[in-house]
Amino acid sequence: MMHQTTGANSADVVIVGGGPAGLAAAIALRQKGIECMVVEALEPPIDKCCGEGLMPDALHSLKALGVEIREEEGYPFQGIRFANSTHRVDADFPNGAGIGVRRTHLHQRMSDRACEVGVRLMWGNRVTLLSQQEVVVNGVPTRFRWLIGADGTASQVRRWAGLGAEKAFSQRVSFRRHYETAPWSEYVEVHWGAIGQVYITPVARDRVCVVFITRSGRVDREHFLNGFPEVTRKLVGAPIVPQERGAVSVTRKLNRVANETVALIGDASGSADAITGEGLAQSFRQAVALAASIEDGKLSDYNKAHRLIARLPHAMARLMLTMDRWPAMEKHGMRALASDTSFFEELLAVHMGVESLPSFALRRGPSLGWRILFNHG
C-alpha cells in the first residue's frame, strides 16, 4: 500500500480537472483508501457538448464506482439505429439497456458521490504546475505524490509533463441542441448524410438530444438538419432549448499516458471520435485501472492498461471515419448491413466488448467485404 502524504496543503493525488473523468478517478482512488484532491476552475454541474447516452458498459462501470443512474433520471434505450436516405438497420444491446441522461445531471451525481467518499473538491480554483511534487492551487502551494491530468483535449498537464507525442490524429466539429419533444424511438439513432452525421438520444419523456458532427468547418448551424429530411420531419415545431453547445471531436492516440509521477485520463489521454459513444465508458474503465496502478505504485502498469482499453474504441472509430470520409463506402456499407441485420447485431456486440473484434473479423469480415465490394443486397 502506498505511503500517504498528510497536511491541509498536500494530498497523495492531485487531480486537475473535475469533469466525469477526473471525478471517476477520484472515486476509484477513495475506494482504495487513497487521499486525493480534485481541482477544477468551473463550478458544478459542468456541461459539455456530447450525445448524453450512457451505453450498458458505461452504466456497469458507474455502478462499480457507486453511482447508479435510475431509469426515472433519464430515458432508457435498447440499442443503436443507423439510417441514411435509403436504408435503416437496428440492433439491440446484448448486455442490457442504455440510458440517456443530461450531462449536467450525470456530473452532479458523480460530484455527490465523490463528496460522499471523501474526495477534497476544490471547485472554482485554478492550478499552476510547479514541479513533479508541487502545484499551486489558488495561490497556495500544494504537495502531492501523484498528479493526474483530467483536463480535457487541450490538457495543460499533458503539455507540461511532456506526454504530448501523438500516434494518430483526426478532427471534426460537433454541436448539440435539445428539442422539447417526446422521443419517437427506443434507440440512439445515427443518421448519415453527405456532410456528416446526426445522432439523437432520448434524455427525458419530453426531450431529445441532437448532436451534429462533421469534418467541415463551414456548416450553417441554423440549417444543418436540411440534409436530414427524416429527422427534420420528426422535429418540426419542437421548441429548441437554449444553451446550444459546440466542441471539437478529436481522435488522438498518445505514445504514452504516464511517466513516473504524472498520468492522464479521459480526453487528456487521447480520444476516439465522438460517434463511437464510448468516451465516458473509456474514462470510467481508465479510472479503475489508474487507481489500481497508483495503489501498486507503478504507473507503467497504467500505460499498458490504457492501451488495452483504447484499442477497441479506436478500431471502431477508424471504421466509422472511413465510412464518413468515403460516401460510396457508407452507402454500400449501409446496404450490406440492412441486407442482413445479424451483421449489425454482431458488430454492436463487438462494440460492447461482448465479442472480440479479431473473432468477428475472421468470421464475418470476408462476407461483409464481399457485400460492400460488389454492392449486393
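Residues numbered from 1 in each chain as written. Predicted model: local features only at pLDDT ≥ 70, side-chain atom pairs only at ≥ 80, totals over all residues. Heavy atoms only, no water.

Observations regarding helix α1 (residues 20–30)
Rule in force here: Relative accessible area decides the class of each residue, using a 1.4 Å probe on protein chains only: under 20% of the type maximum gives buried, over 50% gives exposed, and in between gives partly exposed. In DSSP terms, a helix is any run of H or I states spanning at least four residues, a strand is any run of E spanning at least two, and both are numbered starting from the N terminus. Any two residues whose heavy atoms approach within 4.5 Å at even a single point are treated as in contact.
Across the eleven residues of α1, ten count as buried, placing the element largely inside the fold. Those residues of α1 that fall on the buried side of the exposure criterion are Pro-20, Ala-21, Gly-22, Leu-23, Ala-24, Ala-25, Ala-26, Ile-27, Ala-28 and Leu-29. Looking at the buried positions of α1, the neighbouring elements they touch are β1 (10–16), β2 (36–40), α3 (103–116), β8 (120–123), β11 (140–149) and α6 (279–296).

A few points about empty space enclosed by the protein
How we decide: In the cavity and pocket records, a cavity denotes points on a 1 Å grid over the protein atoms alone where a 1.4 Å probe fits but cannot get out, a pocket denotes an open set with protein on both sides within 12 Å along at least 5 of 7 lines, and lining residues are residues with an atom within 4 Å of a point. Grid points are joined across faces, edges and corners, and a volume is the space filled by probe spheres set on the points. Any residue that is not Ala, Val, Leu, Ile, Met, Phe, Trp, Tyr, Cys, Pro, Asp, Glu, Lys or Arg is counted as polar, Gly included; the first ten are nonpolar and the last four charged.
Summed over the entire model, instances satisfying the criterion amount to two cavities of 30 Å³ or more. Quantified by volume, the largest cavity comes out at close to 100 Å³. Lining the largest cavity we find 13 residues, and of these Lys-253, Leu-254, His-306, Arg-307 and Ala-310 sit closest to its centre. Of all elements in the fold, only β16 (240–254) and α7 (299–325) reach the threshold of two or more residues within the lining of the largest cavity. Class assignment for the residues of the lining of the largest cavity results in three nonpolar, five polar and five charged. In this structure, the second largest cavity spans a volume of roughly 50 Å³. The wall of the second largest cavity is formed by Pro-183, Trp-184, Ser-185, Tyr-187, Glu-189, Ile-200, Thr-201, Pro-202 and Val-208.

Things to note about the pairing of strand β14 (residues 196–204)
Our working rule: Strands pair, by our definition, only if DSSP identifies at least two bridges between them.
For β14, the tally of buried residues reaches eight of nine residues, placing the bulk of the element in the interior. With five bridges joining them, strand β13 (residues 187–193) and β14 adopt antiparallel strand pairing. Following the sheet pairing, Gly-193 is matched in β14 by Gly-196. As judged from the seven bridges shared by β14 and strand β15 (residues 207–214), these two strands associate in the antiparallel manner. Along β15, the bridge assignment pairs Thr-201 with Cys-209.

Overview of the pattern of salt bridges
Cut-off, in case you're wondering: Salt bridge, as used here, is a side-chain nitrogen of Lys or Arg placed within 4 Å of a carboxyl oxygen of Asp or Glu.
In total, this model carries 22 salt bridges according to the counting rule given. As a salt-bridge pair, Asp-267 and Lys-48 come within 2.6 Å of each other at their nearest N and O atoms. With a gap of 219 residues between them, Asp-267 in the loop between β17 (262–264) and β18 (270–271) and Lys-48 in the loop between β2 and β3 (53–54) connect regions that are remote in the sequence. For Asp-267, a relative accessible area of 25% puts it in the partly exposed group. Each of Asp-47, Glu-52, Arg-102, Arg-176 and Arg-245 takes part in salt bridges that share partners, so that together they form one network.

Looking at the sheet that holds strand β4 (residues 75–77)
Taken in spatial order, the three strands of this open sheet run β3-β7-β4, and their pairing is antiparallel. For this open sheet the edge positions go to β3 and β4, each flanked by a neighbour on one side alone. In the sheet, β4 pairs with strand β7 (residues 98–100) via three bridges, with the strands oriented antiparallel. Of the residues in β7, the one forming a bridge with Pro-76 is Ile-99.

Considerations on helix α9 (residues 341–351)
Across the eleven residues that make up α9, a large majority, nine, are buried. Within the sequence span of α9, burial applies to Ser-342, Phe-343, Phe-344, Glu-346, Leu-347, Leu-348, Ala-349, Val-350 and His-351.

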